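Here's the letter readout for the chains.
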Amino acid sequence: MTLASLPTVEALRAFVRDCRAAGDKVALVPTMGALHAGHLQLVSVARRHAQRVIVSIFVNPTQFGPNEDFTRYPRDTERDLARLIEAGADAVFLPSVEAMYPAGFSTTVTVAGVSEGLCGAFRPGHFAGVATVVAKLLLQALPDVALFGEKDYQQLKVIERMARDLDIPVAIVGVPTVREADGLALSSRNAYLTPAERQEAPRLVAVLRNIAERLTAGEGAGPLLAAGTAELAAAGFAPVQYLEFRNAETLAPLERADRPGRLLVAAYLGRTRLIDNIPVEPIRS
Ligand code: AMP
């Protein structure tokens with residue numbers, strides 16, 4: 001199995017054209033590299049939707065804030081390529097920053113509503129950066145389908161909304177979060193954790209699971225979220241930026257699990273910002 005390396009938009013478009021000429025459907029998996037089993041799961045689900053899978057690797061500067069980790073974000077292209085060959089991807093798109101944002105670049109895609117609150121409140125401009133780069137990637141490749149992880153649940157909702165609103169003819173597919181055996185969601189940023197922090201990190205999902213169960217049993221969200229926040233703070237998460245219960249589709253706040261919901265959290269452990277989320281089943285009646 002060979003992995004085609006596509007350094008430019010022209011090469012990407014030629015590759016997609018050849019796939020189509022052969023009668024194959026095309027899937028795109030956008031990533032920022034530092035690939036782990038979560039990314040590879042997106043590749044494997046992509047295979048169910050299309051004969052050909054393209055992975056893009058682009059650490060997008062416009063989605064990082066001025067005090068965020070753009071410069072120290074882990075980059076290891078050689079290792080990523082080896083993993084993609086193993087996972088059976090067909091091609092990798094590796095655009096340069098200059099190609100994505102040439103001098104004079106002036107367009108930003110902003111998505112109101114679902115971009116606001118949660119991570120949007122703590123990372124100004126982040127979702128505009130994400131929506132802009134994903135709009136570009138979708139329009140550059142024009143795949144049949146593009147896959148995104150539920151790990152970044154608000155991002156998934158922003159991208160769904162953006163693709164719908166802009167009539168981008170690409171099916172957006174969400175893929176459930178891949179976790180370590182102890183529950184910690186796989187993330188490229190887990191590499192920043194010290195051994196002691198790594199031990200503590202699964203508490204994030206443990207708190208979510210406990211609250212989810214009690215919401216589904218009929219309890220109200222307010223006291224559960226307050227107690228969960230206190231538990232995380234006592235365990236050394238500082239600050240807990242948010243712990244919220246939202247409508248799974250619209251991301252509007254929910255007090256009771258009277259419809260499909262989502263619990264979402266963002267908290268720092270030392271210098272590392274961790275996010276996670278899980279579905280909440282409606283109250284069984
Ligand atoms: P990133 O490289 O962090 O931008 O992630 C690229 C894609 O992989 C995004 O759609 C993420 O939501 C997805 N992803 C990241 N971590 C996981 C995970 N643990 N499980 C499933 N998908 C993930």
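Computed from a predicted structure; not experimentally measured.

Here is what the cut-offs are and how they apply
- Residues numbered from 1 in each chain as written.
- Predicted model: local features only at pLDDT ≥ 70, side-chain atom pairs only at ≥ 80, totals over all residues.
- Heavy atoms only, no water.
- Phe/Tyr/Trp six-rings, centres within 6.5 Å; stacked < 30°, edge-to-face > 60°.
- Buried < 20%, exposed > 50% of the residue type's maximum accessible area, 1.4 Å probe, protein only.
- Lys NZ or Arg CZ within 6 Å of the ring centre and 35° of its normal.
- Near = heavy atom within 4 Å.
- Polar contact = N/O pair within 3.5 Å; in protein donor to acceptor, adjacent residues only side chain to side chain.
- Areas by Shrake-Rupley, 256 points an atom, 1.4 Å probe, with all protein chains shown as cover.
- Helix = DSSP H or I, 4+ residues; strand = E, 2+ residues; numbered from the N terminus.
- Nonpolar A, V, L, I, M, F, W, Y, C, P; charged D, E, K, R; others polar.
- Pairing = 2+ DSSP bridges.
- Axes fitted to C-alpha atoms, helices over the stretch in contact; angles between N-to-C directions.
- Contact = heavy atoms within 4.5 Å.
- Salt bridge = Lys/Arg side-chain N within 4 Å of Asp/Glu carboxyl O.
- Domains from an automatic or database assignment.
- Buried area = accessible area lost by both parts, 1.4 Å probe.

1. Quick word on the packing of aromatic side chains
Link 1 in the chain: Using the criterion set out here, one finds 5 aromatic pairs in the structure.
Link 2 in the chain: Arranged with centres 5.0 Å apart and planes meeting at 90 degrees, the rings of Tyr101 and Phe105 form a pair that is edge-to-face.
Link 3 in the chain: On the basis of relative accessibility, which here comes to 15%, the residue Tyr101 falls in the buried class.
Link 4 in the chain: On the basis of relative accessible area, Phe105 is assigned to the partly exposed category, the value being 33%.
Link 5 in the chain: One aromatic cluster in this structure is built from Phe58, Tyr101 and Phe105.
Link 6 in the chain: It is Arg72 that lies over the ring of Tyr192; its NZ or CZ is 4.2 Å from the centre.
Link 7 in the chain: Its guanidinium or amino end placed over the ring of Phe70, Arg75 lies 4.9 Å from that ring's centre, counting from NZ or CZ.

2. Overview of the site of the ligand
Link 1 in the chain: Near the ligand, the surroundings consist of 17 residues, among which Met32, Gly149, Asp152, Val178 and Leu186 are the closest.
Link 2 in the chain: In the model, an oxygen atom of the ligand is placed 2.9 Å from a nitrogen or oxygen of the His39 side chain.
Link 3 in the chain: Leu186 places a main-chain nitrogen or oxygen 2.8 Å from a nitrogen atom of the ligand.
Link 4 in the chain: Protein contacts shield 92% of the accessible area of the ligand, which totals 490 Å² for the unbound molecule.
Link 5 in the chain: If you list the elements that add at least two residues to the shell around the ligand, you get strand E2 (26-31), helix H2 (37-49) and strand E5 (145-149).
Link 6 in the chain: If you tally residues by element for the shell around the ligand, the top one is H2, at 3 residues.
Link 7 in the chain: Considering only residue class, the shell around the ligand consists of 8 nonpolar, 7 polar and 2 charged.

3. A closer look at the sheet that holds strand E4 (residues 91-93)
Link 1 in the chain: If you walk across this open sheet you meet the 6 strands as E1-E4-E3-E2-E5-E6, and the pairing is parallel. Both outer strands of the open sheet, strand E1 (4-6) and strand E6 (171-175), are each paired with one neighbouring strand and no more. On average, each strand axis in the sheet is tilted by 25 degrees relative to the strand beside it, whichever way the strands run.
Link 2 in the chain: In this sheet, E5 lies alongside E2 in parallel orientation, the contact comprising 2 bridges. Within E5, the position partnered with Leu28 by the bridge is Ala146.
Link 3 in the chain: Packed onto the sheet, H2 meets E2, strand E3 (52-57), E5 and E6 and runs at close to 150 degrees relative to E5.

4. Description of the pattern of salt bridges
Link 1 in the chain: Scanning the model with the defined rule gives 16 salt bridges in all.
Link 2 in the chain: For the salt bridge of Arg161 with Asp165, the shortest nitrogen-to-oxygen distance reads 2.8 Å. With Arg161 and Asp165 both in helix H7 (residues 153-165) and 4 residues apart, this pair spans about one turn of that helix.
Link 3 in the chain: Between Glu219 and Arg214 there is a salt bridge; the shortest N-O distance is 2.9 Å.
Link 4 in the chain: Overall, Glu219 belongs to the partly exposed group, its relative accessible area being 32%.
Link 5 in the chain: The exposure class assigned to Arg214 is partly exposed, which follows from its relative accessible area of 36%.
Link 6 in the chain: A network of salt bridges, in which partner residues are shared, links Lys157, Glu160 and Glu249.

5. Section: the domain arrangement of the protein chain
Link 1 in the chain: Along its sequence, the protein chain is carved into domain 1 (4-175) and domain 2 (188-278).
Link 2 in the chain: One C-alpha centre belongs to domain 1, the other to domain 2; they are set 26 Å apart.
Link 3 in the chain: Each side of the interface is counted separately: domain 1 has 21 residues, and domain 2 has 17 residues.
Link 4 in the chain: Carbon and sulfur atoms make up 52% of the surface buried where domain 1 meets domain 2, a total of about 1,900 Å² over both sides.

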